[in-house]
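Architecture at a glance
Each chain, letter by letter, is given below.
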Amino acid sequence: ITRMTLDRAGQRLATAGNDGELIVWDLAARQKLRAWREDSLPVLSLAMSADGHWLASGSTIPPKGVLDLQNAATEIKLWDAATGNESASLAGHYG
């Protein structure tokens, strides 16, 4: 786990890491609610909406499969935290 974020009420926690797995936790029940993988890319940033419904993750996409952060593209994905379904994707630029 390299990234964590809480909803405003402090009831749900989302975690992510270098393996690309995103997990939403119910803190009161101490249970995993949902887990899914984001293309096996490391998640470099993570944010949750105040109501806990949306989760945004940021990753770096290496060009042609080579990890070269100088020439990598960035991507932000918006997820439905309850289902793990991707709702939107915003691709950045290389360089």
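Keep in mind it's a predicted model, so treat the numbers as computed, not measured. (Residues numbered from 1 in each chain as written. Predicted model: local features only at pLDDT ≥ 70, side-chain atom pairs only at ≥ 80, totals over all residues. Heavy atoms only, no water.)

What follows deals with the pairing of strand S3 (residues 21–26). In summary, the side chains of a regular strand alternate between the two faces of the sheet. Across 5 bridges, strand S2 (residues 12–16) lies against S3 in antiparallel orientation. Counted as the bridge partner of Arg-12 is Asp-26 from S3. With antiparallel pairing between neighbouring strands as the criterion, S2 and S3 make up a hairpin whose turn holds 4 residues, including Gly-20 at a positive phi of roughly 85°. Of the strand pairs in this sheet, S3 and strand S4 (residues 31–37) are connected by 6 bridges, and their pairing is antiparallel. Each bridged residue has a counterpart across the sheet, and for Val-24 the counterpart in S4 is Arg-34. The loop that links S3 with its antiparallel partner S4 comprises 4 residues; one of these, Arg-30, has a positive phi angle of about 55°. (Pairing = 2+ DSSP bridges. Helix = DSSP H or I, 4+ residues; strand = E, 2+ residues; numbered from the N terminus.)

Here we come to the nonpolar core. As a rule of thumb, soluble globular proteins bury nonpolar side chains together. Of all hydrophobic cores here, the largest spans 11 residues; its members are Ala-14, Ala-16, Leu-22, Val-24, Trp-36, Val-43, Leu-46, Met-48, Leu-55, Trp-79 and Ala-81. Contributing elements (two or more residues each) for this core: S2, S3 and strand S5 (43–48). The biggest single contributor to this core is S5, with 3 residues. For Val-24, the residues in contact, after removing those within four places along its chain, are Arg-12, Leu-13, Ala-14, Gln-31, Lys-32, Leu-33, Arg-34, Trp-36, Leu-55 and Ala-81. (Core = buried A, V, L, I, M, F, W, Y, C linked by side-chain atoms within 4.5 Å. Buried < 20%, exposed > 50% of the residue type's maximum accessible area, 1.4 Å probe, protein only. Contact = heavy atoms within 4.5 Å.)

All right, on to the side chain of Asp-80 then. Inspection of the secondary structure assignment puts Asp-80 in strand S7 (residues 73–80). Buried within the structure, Asp-80 lacks any salt-bridge partner; Arg-34 is the closest side chain of opposite charge, at an N-O distance of 7.4 Å. A polar contact of 2.9 Å, which involves the side chain of Asp-80, links it to the backbone nitrogen of Ala-82. (Lys, Arg positive; Asp, Glu negative; His and termini not counted. Salt bridge = Lys/Arg side-chain N within 4 Å of Asp/Glu carboxyl O. Polar contact = N/O pair within 3.5 Å; in protein donor to acceptor, adjacent residues only side chain to side chain.)

All right, on to the sheet that holds S5 then. Within a sheet, adjacent strands bond to each other through the backbone by hydrogen bonds, running parallel or antiparallel. Strand order in the open sheet formed by 4 strands is S5-S6-S7-S8, with antiparallel pairing between adjacent strands. With partners counted over all chains shown, the strands left at the sheet margins are S5 and strand S8 (86–91), one partner each. Strand-to-strand, the axes of this sheet are offset by a mean angle of 15°, without reference to chain direction. In the sheet, strand S6 (residues 54–61) pairs with S7 via 8 bridges, with the strands oriented antiparallel. Counterpart to Ala-56 in the pairing with S7 is Leu-78. (Axes fitted to C-alpha atoms, helices over the stretch in contact; angles between N-to-C directions.)

A few words on the environment of Met-48. Assignment of secondary structure puts Met-48 in strand S5. Looking at Met-48, the relative accessible area reads 12%, which means it is buried. Remark: the alpha-carbon pair of Met-48 and Leu-78, spanning 30 residues in sequence, is separated by 9.6 Å. When near neighbours in sequence (up to four residues on either side) are disregarded, Met-48 contacts Thr-5, Leu-6, Asp-7, Arg-12, Leu-13, Ala-14, Trp-54 and Leu-55.

Honestly, it's all geometry; don't read function into it.
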